[in-house]
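The residues making up each chain are set out below.
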Amino acid sequence: MEENHPGAGGHLLEALAVIQWWCFNVLVIVMNKWIFQNLDFKYPLTVSCVHFICSALGAYIVIRNLKLKPLIEVDPADRWSCILPMSFVFCLNIVLGNVSLRYIPVSFMQTIKSFTPATTVILQWLLWGKAFDQQVWLSLVPVVGGIMLTSLTELSFNMFGFLAAFIGCLVTSTKTILAESLLHGYKFDSINTVYYMAPYATMILAIPALILEGAGVLSWIESQGSVIALSIIFSSGIFAFCLNFSIFYVIKTTTAVTFNVAGNMKVAVAIIISWLIFRNPISSLNAIGCAITLIGCTFYGYARHRLSEDPKHQASEKLVDILPLVHEKSEKF
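What you are looking at is a predicted structure, and each value in this text was computed from that prediction instead of being measured. Every chain is numbered independently, its residues counted from 1 as its sequence is written. Local features are withheld for residues below a pLDDT of 70 in this predicted model, meaning they are given only at 70 or higher, and side-chain atom pairs are given and counted only at 80 or more; totals for whole chains, interfaces and linings count all residues. Side-chain metrics in this entry use all non-hydrogen atoms of the structure; hydrogen atoms and water are not considered.

1. Brief notes about helix H6 (residues 134–153)
Piece 1. Across its 20 residues, H6 extends 30 Å between first and last C-alpha, which sits within 8% of the 28 Å expected from 1.5 Å per residue.
Piece 2. On its buried face, H6 is in contact with helix H4 (106–113), helix H5 (116–128), helix H7 (159–182) and helix H11 (284–309).
Piece 3. A 3.5 Å cut-off defines polar contacts: any pair of N or O atoms within that distance qualifies, except that in protein one atom must be a possible hydrogen donor and the other a possible acceptor, and neighbouring residues in sequence count only when both atoms are side-chain atoms. A helix here means a DSSP run of H or I that spans at least four residues, while a strand means a run of E at least two residues long, and both kinds are numbered starting from the N terminus. Two or three places before glutamine 135, at the opening of H6, aspartate 133 has a side-chain oxygen 2.9 Å from that residue's backbone nitrogen. In this scheme, a helix's expected span is set at 1.5 Å multiplied by one less than its residue total. Contacts are assigned to residue pairs that have any heavy atoms within 4.5 Å of one another.

2. Brief notes about helix H10 (residues 256–278)
Piece 1. A rise of 1.5 Å per residue sets the reference length of H10, with its 23 residues, at 33 Å; its end C-alpha atoms lie 33 Å apart and thus fit the reference within 8%.
Piece 2. Three labels apply to residues, based on accessible area from a 1.4 Å probe with only protein chains included: buried if under 20% of the type maximum, exposed if over 50%, partly exposed otherwise in between. For H10, the full list of buried residues reads Ala256, Phe259, Asn260, Ala262, Gly263, Asn264, Lys266, Val267, Ala270, Ile271, Ser274 and Phe278.
Piece 3. Positioned one or two residues after H10, arginine 279 has a phi angle of 55 degrees, which is positive.

3. Focus: the packing of helix H8 (residues 190–224) against helix H9 (residues 227–253)
Angle between the axes and distance between the axes are the two parameters that describe a pair of packed helices.
Piece 1. In the contact formed by H8 and H9, the axes pass within 14 Å of each other and the chain directions differ by 165 degrees. Here H8 is positioned roughly antiparallel relative to H9, judged by the angle of their axes. Where H8 crosses over H9, the two elements pack in a sense that is right-handed. Contact residues: H8 offers Ser190, Ile191, Val194, Trp220 and Gln224, while H9 offers Ala229, Leu230, Ile233, Phe241, Asn244, Phe245, Ile247 and Phe248. A fitted line through C-alpha atoms represents every axis, and for helices the fit uses only the stretch in contact; the resulting angles, taken between N-to-C directions, go from 0 to 180 degrees. Oblique is the label for every angle not falling under 35 degrees (roughly parallel), over 145 degrees (roughly antiparallel), or within 65 to 115 degrees (roughly perpendicular). Crossings are classed by handedness, with left-handed meaning an anticlockwise turn of the near helix from the far one by less than a right angle and right-handed meaning a clockwise turn.

4. Some thoughts on the environment of serine 100
Piece 1. With respect to the helices and strands, serine 100 occurs in helix H3 (residues 76–103).
Piece 2. By relative accessible area, which is 0% here, serine 100 ends up buried.
Piece 3. With 67 residues separating them in the primary sequence, serine 100 and isoleucine 167 have C-alpha atoms 9.9 Å apart.
Piece 4. With sequence-adjacent residues up to four places away left out, serine 100 is seen in contact with Met109, Gly161, Ala164 and Ala165.
Piece 5. A distance of 2.7 Å separates a polar atom in the side chain of serine 100 from the backbone oxygen of glycine 97.

5. Here's the deal with unusual backbone geometry
Piece 1. Despite not being glycine, lysine 67 has its phi angle at roughly 55 degrees, a positive value.
Piece 2. Turning to its location among the elements, lysine 67 is positioned in the loop between helix H2 (44–65) and H3.
Piece 3. A positive phi is found at arginine 279, a non-glycine position, where the angle reads about 55 degrees.
Piece 4. Mapping arginine 279 onto the fold places it in the loop between H10 and H11.

6. Some remarks on the environment of lysine 33
Piece 1. Looking at the secondary structure, you find lysine 33 in helix H1 (residues 7–37).
Piece 2. Lysine 33 sits 13 residues away from threonine 46 along the chain, and the two C-alpha atoms are 14 Å apart.
Piece 3. The contacts of lysine 33, once residues within four sequence positions are left out, are Asn38, Leu101, Arg102, Ile104, Pro105, Val106 and Phe278.

7. Quick look at the state of the cysteines
Piece 1. Disulfides are defined as cysteine sulfur pairs within 2.5 Å. Within this structure, the stated rule accounts for zero disulfides.
Piece 2. Looking at cysteine 54, it has no disulfide partner, and the nearest cysteine sulfur is the one in cysteine 242, 9.8 Å off.
Piece 3. Exposure remark for cysteine 54: the relative accessible area of 16% places this residue in the buried category.
Piece 4. When its relative accessible area of 23% is taken as the criterion, cysteine 242 is described as partly exposed.

8. Looking at the packing of aromatic side chains
Each pair of aromatic rings is reported with the distance of its centres and the angle of its planes.
Piece 1. Note on ring pairs: Phe, Tyr and Trp rings are taken, using the six-membered ring of Trp, and paired if centres are within 6.5 Å. Classes follow the plane angle, with under 30 degrees stacked, over 60 edge-to-face and the rest tilted. Scanning all chains against the criterion turns up 17 aromatic pairs.
Piece 2. On the basis of an interplanar angle of 10 degrees and a centroid distance of 6.4 Å, the ring pair of tyrosine 60 and tyrosine 195 is categorised as stacked. Here tyrosine 195 lies in helix H8 and tyrosine 60 lies in helix H2, a separation of 135 residues in the sequence.
Piece 3. We classify tyrosine 195 as buried; its relative accessible area is 13%.
Piece 4. Summarising the aromatic geometry, the rings of tyrosine 103 and phenylalanine 160 are spaced 5.0 Å apart at their centres and angled 80 degrees between planes, so their arrangement reads as edge-to-face. Note that tyrosine 103 is positioned in helix H3 and phenylalanine 160 in helix H7, a separation of 57 residues in sequence.
Piece 5. Feature note: the residues Phe108, Phe115, Phe157, Phe162 and Phe166 constitute an aromatic cluster, connected by ring pairs.

9. Considering a nonpolar patch on the surface
Piece 1. In this analysis, a patch consists of residues with relative accessible area above 30% that form no salt bridge, clustered at 9 Å for like charges and at 5 Å for the nonpolar side chains Val, Leu, Ile, Met, Phe, Trp and Tyr. For the area figures, the Shrake-Rupley method with a 1.4 Å probe applies, and any residue is considered shielded solely by the protein chains shown. What counts as a salt bridge is simple: a side-chain nitrogen of Lys or Arg found within 4 Å of a carboxyl oxygen of Asp or Glu. Side chains of Trp34, Ile272, Ile273, Trp275, Leu276 and Ile277 sit close together on the surface and give an oily, nonpolar patch of about 520 Å² of accessible area.
Piece 2. It is H10 that provides the largest number of residues to the nonpolar patch, a total of five residues.
Piece 3. Of note, tryptophan 275 is situated in helix H10.
Piece 4. The exposure class assigned to tryptophan 275 is partly exposed, which follows from its relative accessible area of 31%.

Dropping the structure here:
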């Protein structure tokens, strides 16, 4: 990321980058929830497939036709040994995000996804024995506490949706850790990541989606599949790609601190706007739990950033580009 911008022009670019990122993030999340809830299209695997197809085509056009981003060449052997396993995790991450949206409110799903920093640290500590500074562990206390409070006070709690979102956190953390080991020789940005992984993800998910949801999708099209409804579903895929492009732009334009703060504010914006649209019931304790979680995530990002600037930690601490292809910095298609 760029750490310095000259004068007011740089700050204006930062603000525009963050705003367009927020807009596409909220748009994709709200459209997906609208598809599941208001259009009664209860087929998250199919929605994920549409997102993968649109994102693969969009990345191809941006890189091959428009040449807005140079293609990062990948060794053919690495496509099978590295890209394919990453694509499977990438696919699972997106599917779990959409499944959770199918069953629980946006506010609850977004709060649970904020647990990802904690699961990443815990997995690296347990499986790889990686040591973390005390500041990092302390910053996770409000994250864990806020998630627990939110879960216990959620008025629209659904166990299946909760488990999908929580397992999604574990998968996102696994994706981050695997990326550090499998893709360490490649400096992938969000566009090149989608270019390589979305086609594999489509192939991985197409058959399960056809078997599990094919008959239901055809029945839905016959009963209520209007042109407007189908347009909304395919538009969500187009905006999902736009979200990935916006992530590339915001990472390129903003500083690490701005990216961290804006990322947590993005979650808050998504929660507020989704509540204004869907009016899902939120108790006072639930709202406090959400706030505590987001504050903890902000402290976690700040602690990691401070340690990354410390020469003693620079060898082990680095900023990881986690692609929120649906939601968030996790985001998620």
